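So you can see what is in the structure, the chains are spelled out below.
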Amino acid sequence: MEATQDNESAVIRELSLPLSQGKMWMKLVGVLAIISGIFTALTIFGIVVAWLPIWMGVLLFQSASAIEQAQMAGDKAAMVESMAKLKTYFTIMGILTLISIAFTALTVVGGIAGGIMGMAEMQGMGTIPQ
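**Student:** Is there a simple way to explain the nonpolar core in this structure?
**Tutor:** One recurring pattern in soluble globular proteins: nonpolar side chains tend to sit buried together. Counting residues in hydrophobic clusters, the biggest one holds nine residues: Met 26, Leu 52, Met 56, Leu 59, Leu 60, Ala 64, Leu 86, Tyr 89 and Ile 92. The set of elements that each furnish at least two residues to this core consists of helix H4 (51–73) and helix H5 (76–124). Each residue touching Leu 86, except ones within four places of it in the same chain, is listed here: Leu 19, Met 26, Leu 60 and Ser 63. Of all hydrophobic cores here, the second largest spans five residues; its members include Ile 67, Ala 70, Ala 78 and Met 79.

Rendered as structure tokens:
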């Protein structure tokens, strides 16, 4: 029974190694996201959305801490916790990215439509030669 546990711990250590090696970067990005959220909260609109980067930063920091525990102790629960936090982080990031792309596309389409309408108006007023 103990040999099976030792084997499982060794597998957990091996699987967690790549993330464990990047834990410093995960913590750095997490801290930067928290700082970004704090600065975002200083604006009027930012108060509404500042919790998102703060939450994402906390998730990354917690994931890095959990993967460190998994790597050092071969702790399966810590590995699962770390992966769950990363899943939540990337889910939020994916949703925000899709919203950002949609907003950018709407802005571009609106700008093009506004430009066309402005040109048509100027042409109708006779300011643009035909």
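Let's pick the thread back up.
**Student:** Where do I start with helix H1 (residues 2–21) in this structure?
**Tutor:** Helical geometry: 3.6 residues make up each α-helical turn, so side chains three or four residues apart lie on a common side. The end-to-end C-alpha distance of H1 is 28 Å, a good match for the 28 Å that 20 residues give at a rise of 1.5 Å each. The largest bend along H1 reaches roughly 35 degrees and is located at Leu 15, with the proline Pro 18 sitting one to four residues downstream. Those residues of H1 lying buried are Ser 9, Ile 12, Ser 16 and Ser 20. Summarising the contacts, the buried residues of H1 are in contact with helix H2 (23–40), H4 and H5.

**Student:** Honestly, the packing of H1 against H4 in this entry has me stumped. Any pointers?
**Tutor:** Packed helix pairs are characterised by how far apart their axes lie and by the angle those axes make with each other. For the pair H1 and H4, the least separation of the axes is 7 Å and the interaxial angle reads 140 degrees. Comparing their axes, H4 and H1 come out oblique. Of the two elements, H1 crosses H4, and the hand of that crossing is left-handed. For the pair formed by H1 and H4, the contact residues are Ser 9, Ile 12, Arg 13, Ser 16, Leu 17, Leu 19 and Ser 20 on the first element and Ile 67, Ala 70, Gln 71, Met 72 and Ala 73 on the second. For the contact of H1 with H4, the residue count by class is seven nonpolar, four polar and one charged.

**Student:** So what exactly am I meant to see when it comes to the environment of Ser 16 here?
**Tutor:** Along the polypeptide, Ser 16 turns up in helix H1. On a C-alpha basis, the gap between Ser 16 and Ala 66 in space is 10.0 Å, while along the polypeptide they are 50 residues apart.

**Student:** Help me out: how do you make sense of the pattern of salt bridges in this one?
**Tutor:** Pairing is possible between side chains of opposite charge, provided their charged atoms come close. The tally for this structure, following the rule as stated, stands at one salt bridge. Among the ionic pairs, Glu 68 bridges to Lys 27, the shortest N-O distance being 3.5 Å. With Glu 68 in helix H4 and Lys 27 in helix H2, the pair connects residues that are 41 residues apart, well separated along the chain. On the basis of relative accessibility, which here comes to 25%, the residue Glu 68 falls in the partly exposed class. A relative accessible area of 22% means that Lys 27 is categorised as partly exposed.

Calculation criteria
- Residues numbered from 1 in each chain as written.
- Predicted model: local features only at pLDDT ≥ 70, side-chain atom pairs only at ≥ 80, totals over all residues.
- Heavy atoms only, no water.
- Core = buried A, V, L, I, M, F, W, Y, C linked by side-chain atoms within 4.5 Å.
- Buried < 20%, exposed > 50% of the residue type's maximum accessible area, 1.4 Å probe, protein only.
- Helix = DSSP H or I, 4+ residues; strand = E, 2+ residues; numbered from the N terminus.
- Contact = heavy atoms within 4.5 Å.
- Expected span 1.5 Å × (residues − 1).
- Bend = angle between axes of the 7 residues up to and from the residue.
- Axes fitted to C-alpha atoms, helices over the stretch in contact; angles between N-to-C directions.
- Parallel < 35°, antiparallel > 145°, perpendicular 65-115°, else oblique.
- Left-handed = near helix turned anticlockwise from the far one by under 90°.
- Nonpolar A, V, L, I, M, F, W, Y, C, P; charged D, E, K, R; others polar.
- Salt bridge = Lys/Arg side-chain N within 4 Å of Asp/Glu carboxyl O.

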